[in-house]
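Architecture and fold: a report
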Amino acid sequence: MRLLSVSLLLLIPAVLPAQHSYTPADIQEGGRLFRANCVLCHGPEGDQVPGIDLGHGRFRQTYSENALIKIIQNGIAGTGMPPNNLQDFQAEIVVAYLRSLATSGRTVTGNGDAARGRALFEGKANCASCHRVQGVGSRVGPDLSDIAALRRTVEIERSLLEPNEEVLPQNRMYRALTKNGETITGRLLNLDTFTVQIVDSKERLLSLQRSDLAEYGFMKDSPMPSYRDKLSSQELADIVAYLVTLKGL
């Protein structure tokens, strides 16, 4: 299912009227819906469709916000835009998120060098001790091989500077405490009626019986450190420049 097609984006106005007030949590959820359904065609920056740039508010025609919401829900006959089973509020916050793209910046740290960034990623920053890129590195943290196909540049930067600010649900770390007092943390792979399956800090796949656990649940904070005071602004820009080249195959 795709929320937005080329046909839909031809109809999004350059300036969307602010008819409602949305909380940061609403816009974040709109972004989740956008990433889950739209990124494949439009890219995380919203500029993958020729002639359309959601991140800079460039569109071709003007429609009301209400009309856009109905297009998201009902699709456009005779085009690649299908109808979608979305509630009114879900469609509204997708539009609110698109408005936020047009008003938010793309970069914080400035221009960087991807080659230097790769050297920092594998060396000084020690990112490969947790993350994997194209089959090389650790499985403890999320695989970053296609991070630029999923996340905006500004979001990648924010993850380096403020790792607890926004953690995608699939990347949240999990903690289990056994009845014997052992604490196990890692990346949650699966949770079913009887077991908790985790990749721990030693890259071991563990299947824990829930009946053997005293406590289990997601961790509040990300184990990823902030690089705000660990790298210079130029080094941060270089790492971001490298990460935005990682778009998968």
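To be clear, the structure that these remarks concern was listed above.
The text that follows walks through the structure, step by step, so that each part is easy to find. (Residues numbered from 1 in each chain as written. Predicted model: local features only at pLDDT ≥ 70, side-chain atom pairs only at ≥ 80, totals over all residues. Heavy atoms only, no water.)

1. Re the overall build of the chain
Our working definition: Numbering of helices and strands starts at the N terminus; helices are DSSP runs of H or I of at least 4 residues and strands are runs of E of at least 2. Exposure is judged per residue with a 1.4 Å probe applied to protein chains only, and the accessible area is read against the type maximum: over 50% gives exposed, under 20% gives buried, and values in between give partly exposed. What makes two residues a contact is simply this: any of their non-hydrogen atoms within 4.5 Å.
Looking only at helices and strands, the chain features 8 helices and 7 strands. A buried classification covers 45% of the 249 residues belonging to the chain. Within the chain, contacts between residues at least 6 apart in sequence are counted, and of these 64% link residues at least 24 apart.

2. Description of the nonpolar core
General note: in soluble globular proteins, nonpolar side chains tend to be found buried as a group. The condition that has to hold: We call a set of buried residues a nonpolar core when its members are Ala, Val, Leu, Ile, Met, Phe, Trp, Tyr or Cys and they connect through side-chain atoms within 4.5 Å of each other.
Grouped together as the largest cluster of nonpolar side chains are 18 residues, with contacts concentrated most on Phe 121, Leu 144, Leu 160, Tyr 227, Ile 239, Leu 243 and Leu 246. For this core, the secondary-structure elements that each account for two or more residues are helix H6 (114–122), helix H7 (153–161) and helix H8 (233–243). At 5 residues, H8 tops the list of elements feeding residues into this core. Core analysis: the next-biggest nonpolar cluster, separate from the first, contains 11 residues, Ile 69, Leu 86, Ala 91 and Val 95 among them.

3. Here we look at the layout of surface pockets
How we decide: Cavities and pockets were defined on a 1 Å grid built over protein atoms only: a cavity is a set of grid points that admits a 1.4 Å probe from which the probe cannot escape, a pocket is an open set flanked by protein on both sides within 12 Å along at least five of seven lines, and lining residues are those with an atom within 4 Å of any such point. Grid points are joined across faces, edges and corners, and a volume is the space filled by probe spheres set on the points. Under the convention adopted here, Pro, Cys and the residues Ala, Val, Leu, Ile, Met, Phe, Trp and Tyr are nonpolar, Asp, Glu, Lys and Arg are charged, and Gly plus all remaining residues are polar.
Looking at the largest pocket, its volume works out to about 950 Å³. What lines the largest pocket is a set of 44 residues, and nearest its centre among them are His 131, Pro 142, Val 167, Asn 171 and Met 224. Broken down by element, the lining of the largest pocket gets its largest block of residues, 4 residues, from H7. Here the residues of the lining of the largest pocket sort into 21 nonpolar, 11 polar and 12 charged. Forming the boundary of the second largest pocket are 15 residues, of which Ile 27, Gln 28, Tyr 97, Arg 158 and Glu 166 lie nearest the centre. When residues in the lining of the second largest pocket are grouped by element, the largest group, 5 residues, is from helix H2 (residues 24–37). Per-class residue counts for the lining of the second largest pocket are 5 nonpolar, 4 polar and 6 charged.

4. Details of the packing of H7 against H8
Stated precisely, the cut-off is as follows: For every element, the axis is a line fit to its C-alpha atoms; helices are fit only across the contacting stretch, and the angle between N-to-C directions ranges from 0 to 180 degrees. Roughly parallel means an angle under 35 degrees; roughly antiparallel, over 145; roughly perpendicular, 65 to 115; everything else is oblique. Crossing handedness is read from the near helix: turned anticlockwise from the far helix by less than a right angle, it gives a left-handed crossing, and turned clockwise, a right-handed one.
At their nearest, the axes of H7 and H8 sit 10 Å apart, and the two run at 130° to each other. Classified by the angle their axes make, H7 and H8 are oblique. For the pair H7 and H8, the sense of crossing is right-handed. Together, Thr 153, Ile 156, Glu 157, Leu 160 and Leu 161 of H7 and Leu 236, Ile 239, Val 240 and Leu 243 of H8 make up the contact between the two elements. When its residues are assigned to classes, the contact of H7 with H8 shows 7 nonpolar, 1 polar and 1 charged.

5. Structural notes on the environment of Met 224
With respect to the helices and strands, the residue Met 224 is situated in the loop between strand S7 (213–218) and H8. Look at Met 224 and you get partly exposed, because its relative accessible area is 27%. Taking the C-alpha atoms as reference, Met 224 lies 9.4 Å from Cys 127; in sequence the two are 97 residues apart. When residues no more than four places from it in sequence are discounted, the contact partners of Met 224 are His 131, Ser 159, Leu 160 and Pro 163.

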